[in-house]
Every structure is written in C-alpha cells, then in structure tokens.
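Commentary on secondary and tertiary structure
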Amino acid sequence: MSTNPFQRQISLQTKPFSTYQTPYQRLYGLRENPFPALAMFAPEARDPRRDGRIYDGNFHKAEKKEFFDLFVQPPSGDEPLKLGFVRVNAFAGSRGNGKSAFLHHIAECINKQRDSDLFALAVHVLPEPRNQRHFWQFIYLIFETLAEKELFSEIDMNFRVALLLRLLSEEQTSALSQIPGPEIRATLLSDNQFKDLLNKYGFTLYGFIEEAERQMKSVAGETFNKSFFSEFFSVNCSMVRLWNKWKEDGLASNSYQWRKLGTDLFTGGLAPVTIIAGYQRFYVLLDEFEKIYISQTNRERDEFLDSLRQYFYERDTAILRNKYITTVLTIHPSICVYLARNWHRVGLDGLAPLDPDRMAECSVELGESTPEKLSDMMNTYIDFFREKEDDPNFNTLYPFSEDALVPAILEARKYPGGTLCYANMILQKAAQKEIPPPIPRDFVETFIEEETGLFEDEDLFDLFVRS
C-alpha cells in the first residue's frame, strides 16, 4: 500500500530538523569538500568549484597585468592589440593550467571595470567539438553565450541610458544619476516603468524608437541590417526580448537561417547596438581554439580564418570604423605549427604573427605552476567553504598541515587541475577515516602510495588531471 503523501509531509513537519553534521563540518569546519572531484571548468555547472566563482587572483597576477597591457590599456598609450593569443609556457604542460578560468576571470574583470576610463564588453566563448566548424556557427555561439551570461540585460540597460542622454537635458540626466542603482536598473529593464519614465519627460516609446533608428542608421551606415532592426524595434529595443523571440520563432535553432544571416546579424545588428549602448570595445575571448581547428578540413580552416579577418578587421562596417573588436584565442601548443600555414595563407600574420620568434609580441604566456602558487590556490578553495566567517584558520591550508599537500602537488605534475583532484580525494579519504586536523603529510604520502598508478593511463590523466 502506498503512503499517503499528506501523512508523509505532516510527519516530516512534526520531526525536529536533523542536526547531523558531516565529517567536513564536524572535523574541519567546512561546509563540504572544497575541492572539485573533476577539475574541469564548466560555467554551466552552477558549482563554485567549477564555474569560475572561486578564483585565486594571485595565481596568474602577472599574466593578467600583461593581458591588460597588451589588449586593454597599454602603459605606453599606444593602441591595444586587436588580435592575439593566450598560450602556455613550454614547461607548464598543455592542459590543466587554468586557461579557461583565466579567460573567464578576464571577461569578468572587463565587464565589471569601475576604475578605468574604458567601458567595454567581453564574452568568453567555449566551442564544442565539431559544432563551430564554420564562422557563422562561431557567431551564433557569441549570441548564445551573451544570452546565457545574461549580458543582453546589461546591453539593454546601457542602450536605453545612452539614448536618454541624447534625449534629455543635462539637469534631467543628472537627476536620474542620483537614483539608487537597483531602482534605476529595474526602471530601465521594465517596459512599463520605462514608458512611464519617458512620459514623465514628455517623450513616448515610439519617439524613443525613432531616435534609436536614427542612431542605428548613423552607426551602421550601409551595413544597417533592416531585418535585424525591424525585429529589434518591434520588441522595444531589447536584445533579451529579441533573443527570446528568435527562440520562439525557431530562428535561434535554424542552422539554414544562421548560415545565411548570422554574420550580418552581428556586424550590421548587434555590434551597432552595443556601440550605441556606449561600449568602446568588444572582446571576444575564444577558448580552446583547437576544438574548432581539429574538426575542420583544410578548406574550412582557411574559410573560417578568412572570415575572421574580413568581418572583424577588414570590411567597412561599424566594427572596422570604430576599431571595435579584439579577439584573443587560446591555442594548444601542438597545433601552432600547423595553424601557422592557414594563418599566413589568409593574411592574419600582419595582425598577429604566429612565427615562434615573434609570437610573444601578441601573446600572454601562462607561466609554470609552482608548489607555492598551488598551495595558495588550494587555500582559496578551502577559505570559500569555511563555515565560520571568523575562522582563525583563514589564509592557511588547515585542515591540512602546512606542507601536507606537497606530495600531491608533485604527483599531479604541478598541474592545477590534477592538484585539485588529488586534494578532493585525499580530504574525502581523511573524512571517511575520521582523521583529526591538521591532516599530516604522512597521511597524504600513504594515500599516494596506496593509490599509486591511479593516473598512469594517459587518457585518464587527461580526463581527471589536465582537464
């Protein structure tokens, strides 16, 4: 006989809430195991151990500065580079060095810059094997990622602000600037509240859209995409609503339409929208470019790279006229020598040379990991999961003794991903065995001896350690 669900719920409500504590809480003062079981960057995971929320800002601090010096604001005052690479030191291994986490962090920093004159937009795109063989598929991925990262909302808000600055007096915009941030954001992102705001100053939504069209035609010029703007204006100049409309109408999943229209929707549509919204530069951070490269035929490689050159850096569009796009690729060291042939053939050498002797001019090199850096990184993960805000063990490796994890770092060949995986398994084992803190080095050494050969298979090592 099945249990009456009302009886079950009533029974649960009358029982006291469980006070059971896991060994992580009871022994170590941690909400849960702070280390990822699979140290693979996955922004969709909604897990701080994998989605980029936990990031040790000191791990690649020098490389971050170099990135900003090359691609954002050169200290010399020269124009920043428009095309370049993030690559890995030859002694640091090819994978598991935090390239994806680094790019994610860079994108977050650019999108949240407050102490700079530069107001820019950055999108970190992660291709999937065989899904971005063609340039239009890459463009679709940019749109899709902007939607997933909720950056369309930011674009919509800034678009409306930029046009209001043109329509209203200085006194009126000054008054709007004094409204608390959450309140004005809500007003700008709500159609009804925004209409009321326009009416307050003697404008209508129709008049606002007319001004938007004038600005669009001015910025886009001959590349003004009538199809894009007809739909954009029909949804009150909102990229959020436009993307949702495309999904409802089937355009967002229609490969034929994207093959035919996708690139123009970007160059003659989205790019002008973001330019009018006040963004001074658009950063495309293309992660793991090898996933695209290895799935392509030689002809497809030439076509993809040629389209990158033409649409981002050569054709007379709002992008070129505003020197708007900066593209940074991460590439696997093993494909550089092969990529160079296609790169040179389509004429990208002039923007970013792939010649080994000159590549450093346009590259940020992620340096080799060290035990000190890796210890600091694990400290960051542990601190994120400490239960008490006033825990006296902040900024230490507790519940491990100071040098306990060095054998794991060396066993993982100093790969960040591998180190985190080992730390996860070691702490899990310690919790199961009720090992009191601080967990000593000899426990870690014994674990490694007992699990010797765990990742001797290179495919397993690639999956769990270099991910």
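Please refer to the structure placed before this passage.
Now for a quick tour of the structure. On a predicted model such as this, the values are computed, not experimentally measured, just so you know.

How each quantity is defined
Residues numbered from 1 in each chain as written. Predicted model: local features only at pLDDT ≥ 70, side-chain atom pairs only at ≥ 80, totals over all residues. Heavy atoms only, no water. Helix = DSSP H or I, 4+ residues; strand = E, 2+ residues; numbered from the N terminus. Contact = heavy atoms within 4.5 Å. Areas by Shrake-Rupley, 256 points an atom, 1.4 Å probe, with all protein chains shown as cover. Lys, Arg positive; Asp, Glu negative; His and termini not counted. Charge placed at Lys NZ, Arg CZ, Asp CG, Glu CD. Phe/Tyr/Trp six-rings, centres within 6.5 Å; stacked < 30°, edge-to-face > 60°. Buried < 20%, exposed > 50% of the residue type's maximum accessible area, 1.4 Å probe, protein only. Lys NZ or Arg CZ within 6 Å of the ring centre and 35° of its normal. Salt bridge = Lys/Arg side-chain N within 4 Å of Asp/Glu carboxyl O. Axes fitted to C-alpha atoms, helices over the stretch in contact; angles between N-to-C directions. Parallel < 35°, antiparallel > 145°, perpendicular 65-115°, else oblique. Polar contact = N/O pair within 3.5 Å; in protein donor to acceptor, adjacent residues only side chain to side chain. Pairing = 2+ DSSP bridges. Arc of directions from axis to C-beta. Disulfide = S-S within 2.5 Å. Core = buried A, V, L, I, M, F, W, Y, C linked by side-chain atoms within 4.5 Å.

Focus: the overall build of the protein
If you tally the helices and strands in the protein, you get 22 helices and five strands. Considering only C-alpha atoms, the protein reaches an extent of 70 × 65 × 55 Å along its principal axes. Across the protein, the fraction of contacts at a sequence separation of at least 24, relative to all contacts at a separation of at least 6, is 75%. When the accessible surface of the protein is split by element, carbon and sulfur atoms take 49% of a total near 23,100 Å². The distance from the centre of the 53 positive side-chain charges to the centre of the 68 negative ones in the protein is 5 Å.

What to know about the packing of aromatic side chains
Tallied over the full model, the rule gives 35 aromatic pairs. Their ring planes at 80° and their centres at 4.9 Å tell us that F228 and F229 sit as a pair that is edge-to-face. The buried category is assigned to F229, whose relative accessible area is 0%. Cation over ring: K373 sits above F59, and NZ or CZ is 5.9 Å from the ring centre. Note that R386 overlies the ring of F394, its terminal NZ or CZ placed 5.7 Å from the centroid.

Remarks on the environment of E210
With respect to the helices, strands and loops of the structure, E210 is situated in helix α10 (residues 205-220). When the C-alpha positions of E210 and F233 are compared, they lie 8.9 Å apart, and in sequence the two are 23 residues distant.

Some remarks on the pattern of salt bridges
The full count for this structure, using the stated rule, is 26 salt bridges. Among the salt bridges present, the one from K323 reaches E79, with a minimum N-O distance of 2.8 Å. Here K323, found in the loop between α16 (318-321) and β4 (325-330), pairs with E79, found in the loop between α3 (61-71) and β1 (83-88); they are 244 residues apart in sequence, far enough to count as distant. As a salt-bridge pair, R441 and E445 come within 3.2 Å of each other at their nearest N and O atoms. Here R441 and its partner E445 are both found in helix α21 (residues 441-450), four residues apart, which amounts to about one turn of the helix. Here the salt bridges do not stand alone but share partners, grouping E32, D47 and R49 into one network.

Description of the packing of helix α6 (residues 151-167) against α10
Running from N to C, α6 and α10 cross one another at 95°; their axes reach a closest spacing of 11 Å. As the angle between them shows, α6 and α10 are arranged roughly perpendicular. Listed contacts from α10 to F159, R160, L163, R166 and L167 of α6 are F208, E211, A212, Q215 and M216.

Some remarks on the side chain of R49
Take R49: it is sitting in the loop between α2 (23-28) and α3. Separated by 2.9 Å, the side chains of R49 and E32 make a polar contact. Excluding residues that lie within four positions of it along the chain, R49 makes contacts with E32, N33, P34, F35, P36, I54, Y381 and F385.

A closer look at the sheet that holds strand β2 (residues 120-125)
As summarised here, the arrangement of the five strands in space is β2-β3-β4-β1-β5, forming an open sheet in which the pairing is parallel. Since the sheet does not close on itself, it has two edges, and those belong to β2 and β5 (363-366), each with one partner. In this sheet, neighbouring strand axes are inclined to one another by 15° on average, regardless of whether the strands run parallel or antiparallel. As judged from the four bridges shared by β1 and β5, these two strands associate in the parallel manner. Along β5, the bridge assignment pairs F85 with S363. Across the sheet, helix α5 (residues 135-148) lies against β2 and β3 (281-286), angled at about 110° from β2, the strand it touches most.

Here's the deal with helix α11 (residues 226-234)
Those residues of α11 that sit buried are F228, F229, F232 and F233. Projected down its long axis, α11 shows its buried positions confined to an angular sector of 120°, all on one face. In this fold, the buried residues of α11 make contact with α6, α10, α12 (239-249) and α13 (255-276). Here α11 starts with a cap whose side-chain oxygen sits 3.2 Å from the backbone nitrogen of S227, and that cap is N225. Just beyond α11, the residue with positive phi is N236, at close to 60°.

Quick word on the state of the cysteines
Taken as a whole and assessed by the stated rule, the structure comprises zero disulfides. Here C336 is not cross-linked by a disulfide; its sulfur's nearest cysteine counterpart is in C362, at 10 Å. For C336, a relative accessible area of 17% corresponds to the buried category.

Section: the nonpolar core
Looking at soluble globular proteins, one finds that nonpolar side chains tend to be buried together. Within the largest apolar cluster, 87 residues are counted, with the highest numbers of intra-cluster contacts made by F143, F159, F232, F289 and F312. Tallying contributions element by element places α5 first for this core, with nine residues. Ignoring any residue separated from it by four or fewer positions in sequence, one finds F312 in contact with F135, F138, I139, F266, V284, S307, I319, I325 and T327. Grouped together as the second largest cluster of nonpolar side chains are 35 residues, F35, F400, L405 and L420 included.

Overview of unusual backbone geometry
Geometrically, the link from Y398 to P399 is a cis peptide bond, its omega value of 25° lying close to zero. With respect to the element layout, P399 can be found in the loop between α18 (371-384) and α19 (406-411). The step from P437 to P438 runs through a cis peptide bond, and the omega angle for that step is -5°. Along the chain, the position of P438 falls in the loop between α20 (416-432) and α21. Located in the positive-phi region is E150, a residue other than glycine, with phi close to 60°. With respect to the element layout, E150 can be found in the loop between α5 and α6.

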